[in-house]
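# Residue-level structure breakdown
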Amino acid sequence: MPNLSSSPEIKAIRGAWLNPVSDERCGYSRDGLLVASKESDSWKVIELGDAEALITKHGLDSSQIEQEPGLLMPPFFDMHFHWVQDEVRDMPKASLLEWLEKYTFPKEAAFADPDFAEEKAAFFWKRILATGTIGGLCYSSIHKTALESAVRHAPKYFKIGNVLMTMNSPEALTQSDREAMELNSWASKTFGQRHVASPRFAPTTGPDVIAAASFAADSIDGFAQTHMCETQQEIDWVLSIYKEMPGFEDIDSYIQVYERTGFLGPKTVLGHCIHLSDAEWKLMAETDTVVASCPTSNGPLEERGLGSGLFDFRRADLEEVRWALASDIGGGPFLSMLDVMGSFVRQNAEAGNEAATFSRALYRSTQMGAHVLGLGESKGSFAEGKDLDFISVEASEEQLGAGNADEVLSAVISPHESNRDVYDSLVRKTVIEGESVFEC
Ligand SMILES: [Zn+2]
């Protein structure tokens, strides 16, 4: 390692650093130093470790060291959310299908107005950076202009899809098969890898359109997303609809709709997957399809979720099905992945599953999302050679001194359980590739 003291293109940031390594391992340096260097216009991590040791090792003097307060960690990837539902996240929730019909669909219909969509996009995509989330997979409404506004304002690591809805939907949100296919194909050609083929879910999107969306995504090696097996009522509905359709008469599981439309694969992310049969788990694994798990959205009604149930992450691990965490705004009540992490730990602990640690939650909110998006080599942790991305989360000296990574995360996140609105404003700084994109 060369002595770095004379190089002007060095950043050395001293603070309390968390570094997610795996489900089981998360490094924590209470007095840590992250050393980064600028390589052809881009800041890359050289090393993270104990501050005193690295200062000596690299021959740094105090003028080269920036102090960064708060708890420092990689920024988040949110692998399933609806930017057009930011305003229905607080609406009364009794069940998935009722909430969609009563609140969500009318709100999404408003995004037909380009001025409204543009104004909302300008606000939303700033807001998400302020919660420390810098990338992920997002659903827009059915409207072309809303998608254009979203892509214009969203930072580049977000991929966005216009939902496709061709049946069992309110009139204002129903496209003909042809309209849906043409818009999907236009978006795929126009936005390339930024676009995600996004049939809303099997009940609202006909099989020909799901197949066309899947084909369009494959042809550009792009991503696809939809919802699956969130509630039993939804599963029964899907089977009753598709058993009447040619080519699907003999299906006995929800996933067969997506299998037969060519939708499954390693670049397909399915939201929820709470109620899966053995055969469905098997097919998820065989096709390497990914789950976006949304604990706050699926959480109990009294915790402002839709009460759909708890995702069985241990089963997913056992079956070797990849999964990452997500907010599912507006099914989930808060955009902050800190809230999602807290909810994941709390709900699993209540169900007697102590393996749902904060370290695991952090790993699945950072490194795993980056990995699924094909960014695992450059984002998601502070391994050598990765981009200099980090967030700073408000934390007191006492919280920072709480112990190991799990204990510190618990000390920072758990106290706000009874006042969860706080999570959305707990991040004090978001940095992407050495540049600050949010600072409070
Ligand atoms: Zn969703």
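Everything numeric here is computed off the predicted structure, so don't read it as measured data.

## Remarks on the overall build of the protein
Looking only at helices and strands, one finds 16 helices and 15 strands in the protein. Relative to the compact-globule value of 22 Å for 440 residues, the protein shows a C-alpha radius of gyration of 22 Å, a close match. Seen along its three principal axes, the alpha-carbon backbone of the protein occupies a region of about 70 × 45 × 40 Å. In the protein, which comprises 440 residues, the proportion classed as buried is 52%.

## What about unusual backbone geometry?
In the segment running from Ile 329 into Gly 330, the intervening peptide bond is cis, with an omega of 0°. Take Gly 330: it is sitting in the loop between β12 (323–325) and α12 (337–350). The backbone phi angle of Cys 229 is positive, close to 50°, even though this residue is not glycine. Of note, Cys 229 is situated in the loop between β9 (223–228) and α7 (232–242). Positive phi values are uncommon outside glycine, yet Glu 320 reaches one of about 60°. Mapped onto the elements of the fold, Glu 320 is located in the loop between α11 (313–319) and β12.

## Looking at the domain arrangement of the protein
Parsing the protein into structural domains produces domain 1 (10–74 + 381–439) and domain 2 (76–335). Relative to domain 2, the C-alpha centre of domain 1 lies at a distance of 32 Å. Those elements giving two or more residues to the side of domain 1 that touches domain 2 turn out to be β14 (427–432) and β15 (435–439). Residue contributions to the side of domain 1 that touches domain 2 peak at 3 residues, all from β14. Split into classes, the residues belonging to the side of domain 1 that touches domain 2 amount to 6 nonpolar, 1 polar and 3 charged.

## Examining the sheet that holds strand β7 (residues 158–164)
Taking strand neighbours across the sheet as the criterion, the 8 strands line up as β5-β6-β7-β8-β9-β10-β11-β12 in an open arrangement whose pairing is parallel. Of all strands in the sheet, those with a lone pairing partner are β5 (76–82) and β12, marking the two edges. Across the sheet, the axes of successive neighbouring strands diverge by a mean angle of 25°, strand direction being ignored. Sheet topology note: the strand β10 (residues 268–272)/strand β11 (residues 290–293) ladder contains 3 bridges and is parallel. Considered in β11, the bridge of Leu 270 is made with Val 291.

## Concerning the sheet that holds strand β1 (residues 10–20)
One key point about sheets: their strands pair by backbone hydrogen bonds, in either a parallel or an antiparallel sense. With mixed pairing, the 7 strands of this open sheet are ordered in space as β3-β2-β1-β4-β13-β14-β15. A single partner strand is all that each edge strand has here, and the edge strands are β3 (42–50) and β15. The sheet shows a mean angle of 30° between the axes of neighbouring strands, direction not considered. Here 4 bridges tie β14 to β15, and the two strands are oriented antiparallel to one another. In the strand pairing of β15, Val 431 is matched with Ser 436.

## Examining the packing of helix α3 (residues 114–130) against helix α4 (residues 144–153)
The N-to-C vectors of α3 and α4 enclose an angle of 25°; their axes lie 9 Å apart at closest approach. Judged by the inter-axis angle, α3 sits roughly parallel to α4. Regarding α3 and α4, the two cross each other, and that crossing is right-handed. From α3, Pro 114, Ala 117, Glu 118, Ala 121, Ala 122 and Trp 125 reach across to α4, where they touch Thr 145, Ala 146, Ser 149, Ala 150, Arg 152 and His 153. In terms of residue class, the contact of α3 with α4 is built from 7 nonpolar, 3 polar and 2 charged.

## As for helix α5 (residues 177–191)
Under the 1.5 Å per step criterion, the end-to-end length of α5 is 21 Å for 15 residues, consistent within 8% with the ideal 21 Å. Burial in α5 covers these residues: Ala 180, Met 181, Asn 184, Ala 187, Ser 188 and Phe 191. The arc that holds the buried residues of α5, viewed along the axis, is 135°, so those residues lie on one side. In α5, those exposed residues whose orientation departs by more than 90 degrees from the buried face are Arg 178 and Lys 189. One or two steps after α5, the chain reaches Gly 192, where phi turns positive at roughly 55°.

## Considering the pairing of β7
The buried count for β7 comes to 7 of 7 residues, which makes it a mostly enclosed element. Alternating residues of β7 divide into Phe 158, Ile 160, Asn 162 and Leu 164 and Lys 159, Gly 161 and Val 163, and every residue in both groups is buried. Alignment of strand β6 (residues 133–140) against β7, held across 5 bridges, turns out to be parallel. Each bridged residue has a counterpart across the sheet, and for Gly 136 the counterpart in β7 is Phe 158. In this region the chain leaves β6, passes through α4 and returns to the parallel neighbour β7; the handedness of that crossover is right-handed. Looking at chain direction, β7 and strand β8 (residues 196–199) are connected through 2 bridges and run parallel. Of the residues in β8, the one forming a bridge with Val 163 is Ser 198. With α5 bridging β7 and the parallel β8, this β-α-β connection has right-handed handedness.

## Regarding α7
Of the residues making up α7, those classed as buried are Glu 234, Ile 235, Val 238 and Tyr 242. The buried residues of α7 occupy an angular sector of 100° when the element is viewed end-on, so they sit on one face. Exposed and facing more than 90 degrees away from the buried side of α7 are Gln 232, Asp 236 and Ser 240. Where the residues of α7 are buried, they touch α2 (96–109) and α8 (255–260).

Here is what the cut-offs are and how they apply
- Residues numbered from 1 in each chain as written.
- Predicted model: local features only at pLDDT ≥ 70, side-chain atom pairs only at ≥ 80, totals over all residues.
- Helix = DSSP H or I, 4+ residues; strand = E, 2+ residues; numbered from the N terminus.
- Rg over C-alpha atoms; globule rule 2.2 N^0.38 Å.
- Buried ≥ 20, exposed ≤ 12 C-beta atoms within 10 Å, placed from the backbone.
- Domains from an automatic or database assignment.
- Nonpolar A, V, L, I, M, F, W, Y, C, P; charged D, E, K, R; others polar.
- Pairing = 2+ DSSP bridges.
- Axes fitted to C-alpha atoms, helices over the stretch in contact; angles between N-to-C directions.
- Parallel < 35°, antiparallel > 145°, perpendicular 65-115°, else oblique.
- Left-handed = near helix turned anticlockwise from the far one by under 90°.
- Contact = placed C-beta atoms within 7 Å.
- Expected span 1.5 Å × (residues − 1).
- Arc of directions from axis to C-beta.
- Right-handed = clockwise from strand over helix to strand, strands pointing away.

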